Protein chains: 2
Amino acid sequence: MAKPYKGFEPKWIKNAAPADSYRSIFRWGDPEFVKYPKESLFNLMKDTFEMSDADFAQYNMDTGFDKVELPDNPPQMDEKHVKAFREMLGDAKVSQSDYDRLSVAYGQTAYDLMRMRQHRIENLPDIVLYPGETEEVEKIVAYCVENSIPLYVYGGGSSVTRGVECIKGGVSLDMRRNFGKVLNFNEIDQTITVQAGMSGPKLEEALNNAKTRFGAKRAYTCGHFPQSFEYSSVGGWVVTRGSGQNSTYYGCISDIVLSQKYATPQGVVETSHYPREATGPNLNQIMMGSEGTFGVLTEVTLKVFRYMPENRHRFSYIFKDWETAMDAAREMMQKECGYSSVFRLSDPEETNMMLRLYNVDDTPLAPMLDVFGYKDMERCLFLGFTDGEKGYSKNVAKNIAKIALKHGGMPLTGYVCKSWEKGRFNDPYLRDTLMDFGIVTDTLECSVNWSNMEKVHREVRKVCHALPHTVVTTHMSHCYPQGANLYFIFITPMTDAEEFRRYHTTILDAIQKSGAAISHHHGIGKMFAPWLEGYVGKTEYGVFRAIKDYFDPDYIMNPGGTIGLDLEEKDKKFLKEK
Amino acid sequence: MAKPYKGFEPKWIKNAAPADSYRSIFRWGDPEFVKYPKESLFNLMKDTFEMSDADFAQYNMDTGFDKVELPDNPPQMDEKHVKAFREMLGDAKVSQSDYDRLSVAYGQTAYDLMRMRQHRIENLPDIVLYPGETEEVEKIVAYCVENSIPLYVYGGGSSVTRGVECIKGGVSLDMRRNFGKVLNFNEIDQTITVQAGMSGPKLEEALNNAKTRFGAKRAYTCGHFPQSFEYSSVGGWVVTRGSGQNSTYYGCISDIVLSQKYATPQGVVETSHYPREATGPNLNQIMMGSEGTFGVLTEVTLKVFRYMPENRHRFSYIFKDWETAMDAAREMMQKECGYSSVFRLSDPEETNMMLRLYNVDDTPLAPMLDVFGYKDMERCLFLGFTDGEKGYSKNVAKNIAKIALKHGGMPLTGYVCKSWEKGRFNDPYLRDTLMDFGIVTDTLECSVNWSNMEKVHREVRKVCHALPHTVVTTHMSHCYPQGANLYFIFITPMTDAEEFRRYHTTILDAIQKSGAAISHHHGIGKMFAPWLEGYVGKTEYGVFRAIKDYFDPDYIMNPGGTIGLDLEEKDKKFLKEK
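What counts and what doesn't
- Residues numbered from 1 in each chain as written.
- Chains lettered and ligands numbered in written order.
- Predicted model: local features only at pLDDT ≥ 70, side-chain atom pairs only at ≥ 80, totals over all residues.
- Heavy atoms only, no water.
- Phe/Tyr/Trp six-rings, centres within 6.5 Å; stacked < 30°, edge-to-face > 60°.
- Helix = DSSP H or I, 4+ residues; strand = E, 2+ residues; numbered from the N terminus.
- Buried < 20%, exposed > 50% of the residue type's maximum accessible area, 1.4 Å probe, protein only.
- Lys NZ or Arg CZ within 6 Å of the ring centre and 35° of its normal.
- Pairing = 2+ DSSP bridges.
- Least-squares fit on C-alpha atoms with pLDDT ≥ 70 in both.
- Contact = heavy atoms within 4.5 Å.
- Axes fitted to C-alpha atoms, helices over the stretch in contact; angles between N-to-C directions.
- Parallel < 35°, antiparallel > 145°, perpendicular 65-115°, else oblique.
- Nonpolar A, V, L, I, M, F, W, Y, C, P; charged D, E, K, R; others polar.
- Buried area = accessible area lost by both parts, 1.4 Å probe.
- Salt bridge = Lys/Arg side-chain N within 4 Å of Asp/Glu carboxyl O.
- Polar contact = N/O pair within 3.5 Å; in protein donor to acceptor, adjacent residues only side chain to side chain.
- Core = buried A, V, L, I, M, F, W, Y, C linked by side-chain atoms within 4.5 Å.
- Expected span 1.5 Å × (residues − 1).
- Arc of directions from axis to C-beta.
- Patch = residues over 30% accessible without salt bridge, like charges linked within 9 Å, V, L, I, M, F, W, Y side chains within 5 Å.
- Areas by Shrake-Rupley, 256 points an atom, 1.4 Å probe, with all protein chains shown as cover.
- Lys, Arg positive; Asp, Glu negative; His and termini not counted.
- Charge placed at Lys NZ, Arg CZ, Asp CG, Glu CD.

A.B. asks: Mind showing me how you'd approach the packing of aromatic side chains here?
C.D. replies: The relation between two aromatic rings is expressed through the spacing of the ring centres and the mutual angle of the planes. What the rule picks out here adds up to 60 aromatic pairs over all chains. Pairing Tyr317 of chain A with Phe382 of chain A gives two aromatic rings, centres 6.4 Å apart and planes at 25 degrees, and the pair type is stacked. You can see Tyr317 of chain A sitting in strand S12 (residues 314–319) and its partner Phe382 of chain A sitting in strand S14 (residues 380–385), a full 65 residues away along the chain. Judged by relative accessible area, which is 1%, Phe382 of chain A ranks as buried. When the ring of Tyr5 of chain B is compared with that of Phe42 of chain B, the centres are 5.8 Å apart and the planes differ by 50 degrees; the resulting orientation is tilted. Linking Tyr5 of chain B in the segment before helix H1 (22–26) with Phe42 of chain B in helix H2 (residues 39–49), this pair joins segments that are 37 residues apart in sequence. Since its relative accessible area comes to 10%, Tyr5 of chain B is described here as buried. By relative accessible area, which is 1% here, Phe42 of chain B ends up buried. These aromatic residues form a ring-pair network of at least three members: Tyr5, Phe8, Trp12, Tyr36, Phe42, Phe56, Tyr59 and Phe437 of chain A. In this structure, Lys320 of chain A packs its charged tip against the face of Tyr374 of chain A, placed 5.2 Å from the ring centre. Sitting above the plane of the Tyr130 of chain B ring, Arg177 of chain B keeps its charged end 3.7 Å from the centroid.

A.B. asks: Looking at this model, I keep getting lost on unusual backbone geometry. Mind explaining?
C.D. replies: Residue and element names in this part refer to chain A. In the Ramachandran plot, Arg162 falls in the positive-phi region, its phi being about 60 degrees despite a non-glycine side chain. Take Arg162: it is sitting in the loop between strand S3 (151–154) and strand S4 (171–174). Classification of Arg162 by relative accessible area gives buried; the value is 8%. Of note in this structure, His478 is not a glycine but carries a positive phi near 50 degrees.

A.B. asks: Quick question: what am I supposed to make of the pairing of strand S9 (residues 267–270) of chain A here?
C.D. replies: Every other side chain in a regular strand lies on the same face of the sheet, so the side chains alternate between the two faces. Residues and elements named next belong to chain A. Two elements, strand S8 (residues 257–264) and S9, share 4 bridges in a ladder whose sense is antiparallel. In the strand pairing of S9, Ala263 is matched with Val268. Once S8 ends, the chain turns through 2 residues before running back antiparallel as S9.

A.B. asks: Mind showing me how you'd approach the relation of the copies chain A and chain B here?
C.D. replies: Relating one copy of the chain to the other takes a rotation about an axis and a shift parallel to that axis. By a simple turn and slide, chain A fits onto chain B: the slide is 0.0 Å along the axis, the RMSD is 0.0 Å, and the turn is 180 degrees. Such a turn and shift between the copies fits a two-fold axis. Taken as a fraction of all interface residues of chain A, those also at the interface in chain B reach 100%, which identifies the copy contact as same-surface.

A.B. asks: In this structure, what is going on with the packing of helix H21 (residues 529–536) of chain B against helix H22 (residues 538–551) of chain B? I would like to understand it.
C.D. replies: The geometry of a pair of packed helices is captured by two quantities: the angle between their axes and the separation between those axes. All names here are of chain B. Between H21 and H22, whose axes approach to 6 Å, the crossing angle comes to 120 degrees. Between H21 and H22, the angle falls in the class oblique. Contact with H21, carried on its side by Leu532, Glu533 and Val536, involves Lys538, Glu540, Tyr541, Phe544 and Arg545 of H22 and no other residues of that element. Residue composition of the contact of H21 with H22, grouped by class: 4 nonpolar, no polar and 4 charged.

A.B. asks: Can you help me understand the interface of chain A and chain B in this one?
C.D. replies: Interfaces are often sized by the accessible area lost when the parts come together. At the junction of the two partners, chain A supplies 89 residues and chain B supplies 89 residues. A combined buried area of about 6800 Å² lies between chain A and chain B, and 54% of that area is made up of carbon and sulfur atoms. Sorting the residues of chain A by area buried against chain B places Arg276, Glu336 and Gln482 of chain A first, and these three jointly supply 12% of that buried surface. Along the contact surface separating chain A from chain B lie 4 salt bridges. Here Glu331 of chain B and Arg306 of chain A are joined by a salt bridge, their closest N and O atoms 2.8 Å apart. Remark: the boundary between chain A and chain B carries 48 residue pairs in polar contact (both at pLDDT 80 or more).

A.B. asks: Would you explain the sheet that holds strand S15 (residues 410–411) of chain A in this entry?
C.D. replies: Sheet strands pair via backbone hydrogen bonds, and the direction of the pair is either parallel or antiparallel. Residues and elements named next belong to chain A. The sheet built from 7 strands is open, its strands ordered S15-S12-S14-S13-S17-S18-S16 with antiparallel pairing. In the strand order of this sheet, the two ends are held by S15 and strand S16 (439–449), each with one partner. The sheet contact formed by strand S13 (residues 342–346) and strand S17 (residues 471–480) spans 2 bridges and is antiparallel. Opposite Leu345, over in S17, you have Met476 as the bridge partner. The sheet strands contacting helix H2 (residues 39–49) are S16, S17 and strand S18 (483–493), and the helix crosses S18 at an angle near 75 degrees.

A.B. asks: Looking at this model, I keep getting lost on the sheet that holds strand S5 (residues 182–186) of chain B. Mind explaining?
C.D. replies: Residue and element names in this part refer to chain B. The strand order across the open sheet built from 5 strands is S5-S6-S10-S8-S9, with neighbouring strands paired in antiparallel fashion. In this open sheet, the two edge strands, each paired with only one partner strand, are S5 and strand S9 (267–270). If you compare each strand with its neighbour and ignore which way they point, the axes differ by 10 degrees on average. Sheet topology places strand S6 (residues 191–195) next to strand S10 (residues 296–303); 5 bridges connect them, and they run antiparallel. Bridged to Ile192 within S10 is Leu302. Set on the sheet, helix H7 (residues 200–208) makes contact with S5, S6 and S10; between it and S6 the angle comes to about 145 degrees.

A.B. asks: Explain the nonpolar core to me, please; I cannot follow it from the model alone.
C.D. replies: Side chains of a nonpolar character, in soluble globular proteins, are inclined to be buried together. Counting residues in each nonpolar core, the largest one holds 280 residues, and the members touching the most others are Phe85, Leu102 and Met476 of chain A together with Phe85 and Met476 of chain B. Contacts of Met476 of chain A, omitting those with residues within four sequence positions, involve Trp322, Met326, Ala329, Phe343, Arg344, Leu345, Trp450, Met453, Ala484, Asn485 and Leu486 of chain A.

A.B. asks: Help me out: how do you make sense of the pattern of salt bridges in this one?
C.D. replies: Opposite charge on two side chains permits pairing when their charged atoms draw close. Counted under the stated rule, the structure contains 79 salt bridges over all chains. Of the charged contacts, one joins Arg86 of chain A and Asp91 of chain A as a salt bridge, the two residues approaching to 3.6 Å between their closest N and O atoms. Given the relative accessible area of 52%, Asp91 of chain A is considered exposed. Between Arg120 of chain B and Glu122 of chain B there is a salt bridge, and its shortest N-O distance comes to 3.2 Å. According to the relative accessible area criterion, Glu122 of chain B is partly exposed, its value standing at 25%. A network of salt bridges, in which partner residues are shared, links Asp112, Arg115, Arg120, Glu122, Arg162, Glu165 and Glu498 of chain A.

A.B. asks: How should the environment of Glu122 of chain B be read in this particular structure?
C.D. replies: Residue and element names in this part refer to chain B. Following the sequence through the fold, Glu122 ends up in the loop between helix H5 (110–117) and strand S2 (127–129). Considered as a pair, Glu122 and Lys139 are 17 residues apart in the sequence and their alpha carbons are 28 Å apart. If sequence neighbours within four positions are ignored, Glu122 has contacts with Tyr106 and Arg115. A distance of 3.2 Å separates a polar atom in the side chain of Glu122 from a polar atom in the side chain of Arg120.

A.B. asks: Looking at this structure, I do not really get helix H19 (residues 453–465) of chain A. What am I missing?
C.D. replies: An α-helical segment advances 3.6 residues per turn. Residues three or four places apart therefore align on the same side. Residue and element names in this part refer to chain A. The end-to-end C-alpha distance of H19 is 18 Å, a good match for the 18 Å that 13 residues give at a rise of 1.5 Å each. Among all positions in H19, only Met453, Val456, His457, Val460, Arg461 and Cys464 are buried. The buried residues of H19 all sit within an arc of 115 degrees when viewed along its axis, so they share a single face. If you follow the buried residues of H19, they end up packed against helix H13 (322–334), helix H14 (348–357), S16, S17, S18 and helix H20 (497–514).

A.B. asks: Can you walk me through a positive patch on the surface in this structure?
C.D. replies: Judged by side-chain charge, Lys390, Lys394, Lys398 and Lys402 of chain A together with Lys390, Lys394, Lys398 and Lys402 of chain B come together as a positively charged surface patch. Elements with a contribution of two residues or more to the positive patch: helix H16 (390–406) of chain A together with helix H16 (390–406) of chain B. Within the secondary structure layout, Lys398 of chain A lies in helix H16.

A.B. asks: Sorry, what's going on with helix H21 (residues 529–536) of chain A here?
C.D. replies: The element H21 of chain A is largely enclosed, with a buried count of 8 among its 8 residues. Buried positions along H21 of chain A lie against H20 and helix H22 (538–551) of chain A together with S9 of chain B. Downstream of H21 of chain A by a residue or two, Gly537 of chain A has a phi angle that is positive, lying close to 105 degrees.

Right, dumping it as structure tokens:
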């Protein structure tokens with residue numbers, strides 16, 4: 001990032017957002033951190049978008065440096081409820097300020113960011129509460145049930161599905177401030193119990209320092225590192241069924257969770273905490289994916305893993321084409337040689353961009369690729385690293401090398417993987433600097449079986465590319481013997497939130513029609529909800545509704561379309577052939 | 001088994017059971033196969049039971065060689081329904097004969113066998129149907145719903161929880177005859193789709209021979225080998241959440257299932273078939289464990305694994321005591337070096353018996369154990385084997401060896417493991433020869449976290465041993481980083497079914513009170529049902545009932561207490577501290 005441009009450089013916004021500004025809410029994470037494209041990437045985008053330097057001479061969207069003031073949006077809540085909450089929790093845990101309400105109203109899909117830049121203020125909560133103890137959450141839920149007050153939860157706020165949005169107003173629980181404590185650490189069972197608002201870095205820090213922190217014999221890791229790691233919460237991971245970038249080894253959060261505790265309108269619900277059991281339907285797997293519609297997740301017990309970065313083997317390879325690369329990836333997943341931790345295969349268009357983003361274009365590797373017949377826009381980049389015990393980790397890396405070579409893969413050393421690691425959590429910052437100039441980037445992902453991979457990749461990309469002047473990159477990650485997650489990332493000039501939404505809809509339609517699962521790990525929220533019943537099937541979806549009716553017959557938990565439970569029939573989409 | 005006794009040998013029944021006899025129903029599996037204890041084991045039992053040769057001079061329970069004739073138990077079904085079923089399926093798929101009805105009325109808990117030996121005929125179906133196609137099952141379900149006819153399913157019949165028993169009469173679907181076809185094999189995704197009545201050996205045979213059978217590139221295995229393997233069905237595995245003896249590597253059936261199809265009173269239900277997804281509650285995990293109470297499982301898609309027996313490493317070790325052995329087992333599970341396929345650790349009392357059963361007492365190993373300080377009734381036998389790719393399998397075995405040695409384990413070579421393998425599927429035959437003389441053997445198992453392992457082992461065994469003259473052996477199998485399955489096997493002189501049931505109840509009470517899950521992989525059925533709501537919790541159990549009410553509001557699917565759904569309040573047990 002540090003290299004100065006040789007030609008024209010746009011005025012990337014590098015100064016921190018003021019603490020009370022819109023920008024401080026919608027921009028990613030650390031207010032001091034900035035990321036912007038290097039010159040070759042900027043030139044690539046200009047070419048693709050058919051834009052000139054002149055188009056980057058001024059900001060094309062509101063940069064949001066103004067102070068949050070919402071005179072037209074006063075809280076609607078009856079004073080007696082406000083008073084009740086203040087008595088219940090104390091004044092410090094209650095806020096009705098404009099800033100606090102807006103700061104929990106949106107997630108992180110481009111639709112959210114664009115609306116905020118357009119100062120479209122909608123779906124604010126009337127009050128924000130900052131509970132600190134499980135019992136406080138239980139009291140809040142009981143009070144809301146008694147008084148029919150809609151109840152929302154804001155964990156880390158990185159939802160890309162409008163999961164946190166307070167469609168019906170009411171209460172939002174902001175879990176960031178007081179609800180991130182470690183409740184128990186059990187080294188014998190290798191588990192940690194935390195409050196649902198625990199953030200990724202705090203959890204990982206506690207585990208890495210388990211020896212001093214808990215008097216443990218060794219250091220541990222949570223194994224769950226989504227791109228949103230730094231600004232997401234354990235609770236959010238769990239209720240949306242998230243996955244981290246290391247899930248191929250550590251599993252998705254649905255594999256890592258051992259037990260959960262919820263405050264529901266029906267009372268406290270605790271799932272069991274055994275590694276496996278045969279005692280009826282699996283309640284843990286019922287509650288995960290409920291996205292706040294059955295109750296508020298208060299406590300989570302997670303499995304933890306030994307922290308052994310010294311055993312890590314980094315690798316990267318380049319394959320001649322997507323088909324061969326997919327075959328190699330599948331063989332790596334099905335060989336039963338163990339699984340690598342990060343496992344990431346880019347398609348040709350993504351490879352084209354990644355080689356610039358990871359600075360490979362500046363190294364002697366770049367011309368070598370052409371010489372050896374790995375052609376631009378055909379070649380596919382594959383990278384990752386292994387984890388686990390020394391011999392296990394080594395065996396996985398050895399087998400990956402063997403399979404890659406057998407499929408004509410050329411080793412690129414661990415350099416490319418290290419470049420990827422540097423950017424793995426801060427790519428979202430790039431999104432903000434680009435959006436100042438009216439360039440939007442967002443992602444969709446889906447779960448696909450191997451036998452349908454080529455079709456889904458082809459058909460979804462076709463729809464993404466139907467919008468001209470668009471970069472569409474795709475990669476495979478979160479891999480399994482039976483299939484993988486496909487990620488679609490698009491970058492395109494766009495300034496209107498509704499235009500974004502229409503485009504987003506065409507892609508979700510395409511995913512549904514192509515025979516993929518509409519979400520591998522982003523959840524459903526309110527944005528993907530219209531597709532859910534059609535995807536799951538009508539009779540099948542009835543089960544979700546039956547559970548909802550049991551837990552929350554008055555529909556006060558995350559109401560307004562979340563996972564489609566209170567969606568009107570006319571707003572649903574039935575596109576899947578069954 | 002072949003060695004002749006030196007002293008008195010009881011007249012073990014070695015001749016086959018007549019095809020129309022009670023014995024042909026209640027005895028295990030192959031009518032020609034016989035297994036009986038060798039002399040040292042017989043002597044051990046006599047000592048423990050304080051019995052003499054005279055007690056084995058005559059059979060102490062009915063041997064069941066008489067023909068099944070049930071004049072007092074005619075079918076109760078209205079002729080119009082019988083006619084309707086005959087028209088729907090054809091005469092060959094319908095039976096009301098005494099033998100056919102009795103043959104699907106009981107499972108394989110000692111309570112079932114003892115009742116049959118006592119000729120206690122109860123809970124017979126009024127008609128047995130043998131559907132061959134999914135659509136036939138769907139029609140049967142629809143007809144039963146319309147006419148309020150109770151509907152039961154008999155898969156392989158190895159239930160030890162009274163899961164198949166037709167408490168309310170009505171229809172039983174015997175899936176053994178016509179419902180075991182392969183519907184699809186997908187080598188790209190490594191999956192196989194079968195009808196729910198598919199038997200273990202048939203499935204494994206198809207997969208081992210995938211090259212000739214499906215034109216596949218290689219041979220596969222199902223990875224699921226419960227002790228009941230030869231006489232259980234895929235459907236039974238799935239609806240009860242079974243586990244095979246190789247689950248430590250391959251996973252429980254709940255990990256192996258990719259998707260399921262059910263015929264429910266609400267219509268056809270198909271779960272999705274993606275390796276992971278974030279689309280609301282996990283329907284696959286809701287249907288598994290329903291044990292026929294939500295609908296009839298018709299089709300299952302299973303993940304399959306590469307068949308690579310050439311990579312297998314067999315091992316066995318002996319540890320000085322249970323505590324050290326548990327520590328070693330936990331370290332093996334938590335080291336992240338991969339997992340062995342079979343992983344089986346016997347406690348001192350089981351070790352005492354196993355060394356005889358596996359003939360180690362006849363080898364030079366036996367005196368060596370004593371010499372090196374591995375004392376009888378303190379030492380613990382640990383055995384298993386690894387699977388997977390060559391390097392993976394080797395690395396697991398290497399780490400197990402390293403950890404075993406570090407914990408003072410003495411290697412016993414692969415011999416003991418091979419002996420175990422020989423008996424792994426035919427130990428149930430021993431049960432029948434013993435029961436002729438009034439010796440009952442049965443098992444209970446439970447899921448336990450490591451930190452509670454010692455307590456559960458101690459407290460449950462105490463209750464098992466409260467019955468004098470009882471051999472109680474315990475082993476750990478199906479292991480995980482967070483805990484393991486504990487198996488309790490008891491052998492005791494007993495001839496009355498109700499006495500058995502009272503004893504069985506005291507053990508289930510003890511499991512519940514000790515803080516273990518009441519079933520790791522046997523399911524709940526009707527026998528364990530009184531404990532389920534207390535175990536899961538009242539609010540939590542309400543979820544199961546809500547799903548039941550959605551699928552089967554008239555309670556015609558496996559009615560009579562299965563998983564407690566239609567159990568009266570007075571019949572439930574609430575023993576768990578929450």
